[in-house]
Amino acid sequence: MTATLTARRIATALGAGAAVIALGLGGANVAQAKIQPVDTSCTNNGGNLPGGQQPSCTGGGLTQNSENQNPAGHAPPGQN
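The rules behind each value
- Residues numbered from 1 in each chain as written.
- Predicted model: local features only at pLDDT ≥ 70, side-chain atom pairs only at ≥ 80, totals over all residues.
- Heavy atoms only, no water.
- Helix = DSSP H or I, 4+ residues; strand = E, 2+ residues; numbered from the N terminus.
- Buried < 20%, exposed > 50% of the residue type's maximum accessible area, 1.4 Å probe, protein only.
- Contact = heavy atoms within 4.5 Å.
- Areas by Shrake-Rupley, 256 points an atom, 1.4 Å probe, with all protein chains shown as cover.
- Polar contact = N/O pair within 3.5 Å; in protein donor to acceptor, adjacent residues only side chain to side chain.
- Disulfide = S-S within 2.5 Å.

J.: For this particular structure, what's the right way to read the overall build of the protein chain?
T.: Helix and strand counts for the protein chain come out as one helix and two strands. Helices and strands in the protein chain line up, N terminus first, as α-β-β. Counting over 80 residues, the protein chain shows a buried share of 9%. Sequence separation of 24 or more characterises 38% of the internal contacts of the protein chain that already satisfy a separation of 6 or more. Roughly 6000 Å² of accessible area belongs to the protein chain as shown, and the carbon and sulfur atoms make up 58% of that amount.

Here it is, written out as structure tokens:
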């Protein structure tokens, strides 16, 4: 084995290690979006949508339907 080949292998190993560390640290902060429940609709005791009550319920006898959404307004997979 020559010195040039050994130096290349060491440089490749150090580069791969630095990439793993950088991706590991950077990925931890990116995926911290706030997932919050958002009102989507109301249903009455018969399972129907009452007129004028969407998306938040006002009045008695109504069930509030909601879904978890991220700040972009989308429901992330596996969050509902």
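Still more to cover.
J.: Looking at this structure, how should I read the environment of Glu67?
T.: Tracing the chain through its elements places Glu67 in strand β2 (residues 63–69). Residue classification places Glu67 among the partly exposed residues on the basis of a relative accessible area of 26%. Measuring from C-alpha to C-alpha, the distance between Glu67 and Pro37 comes to 5.3 Å, with 30 residues separating the pair along the chain. Within the structure, Glu67 has its side chain in polar contact with the side chain of Gln69 (distance 2.8 Å).

J.: What is the right way to read the side chain of Ser41 from this model?
T.: Structurally, Ser41 is set in strand β1 (residues 36–43). When sequence neighbours within four positions are dropped, the list of residues in contact with Ser41 reads Leu49, Gln54, Pro55, Thr63, Gln64 and Asn65.

J.: Whenever I open this one, the state of the cysteines confuses me. Can you help?
T.: All told, the structure shown has one disulfide when counted by the stated rule. Between the sulfur atoms of Cys42 and its disulfide partner Cys57 the distance amounts to 2.0 Å. Because the sign of the S-S torsion sets the handedness, a value of about -135° for the bond joining Cys42 and Cys57 places this disulfide among the left-handed ones. With Cys42 in strand β1 and Cys57 in the loop between β1 and β2, this residue pair connects regions lying 15 residues apart in the sequence.

J.: Explanation requested: the side chain of Gln69 in the structure shown.
T.: Take Gln69: it is sitting in strand β2. In this view, Gln69 contacts Lys34, Ile35, Gln36, Val38, His74, Ala75 and Pro76; residues no more than four positions away in its chain are not counted.

J.: Honestly, the environment of Gln36 in this entry has me stumped. Any pointers?
T.: Mapped onto the secondary structure, Gln36 falls in strand β1. Residues Gln36 and Glu67, spaced 31 residues apart in sequence, show a C-alpha to C-alpha distance of 8.1 Å. The contacts of Gln36, once residues within four sequence positions are left out, are Glu67, Asn68 and Gln69.

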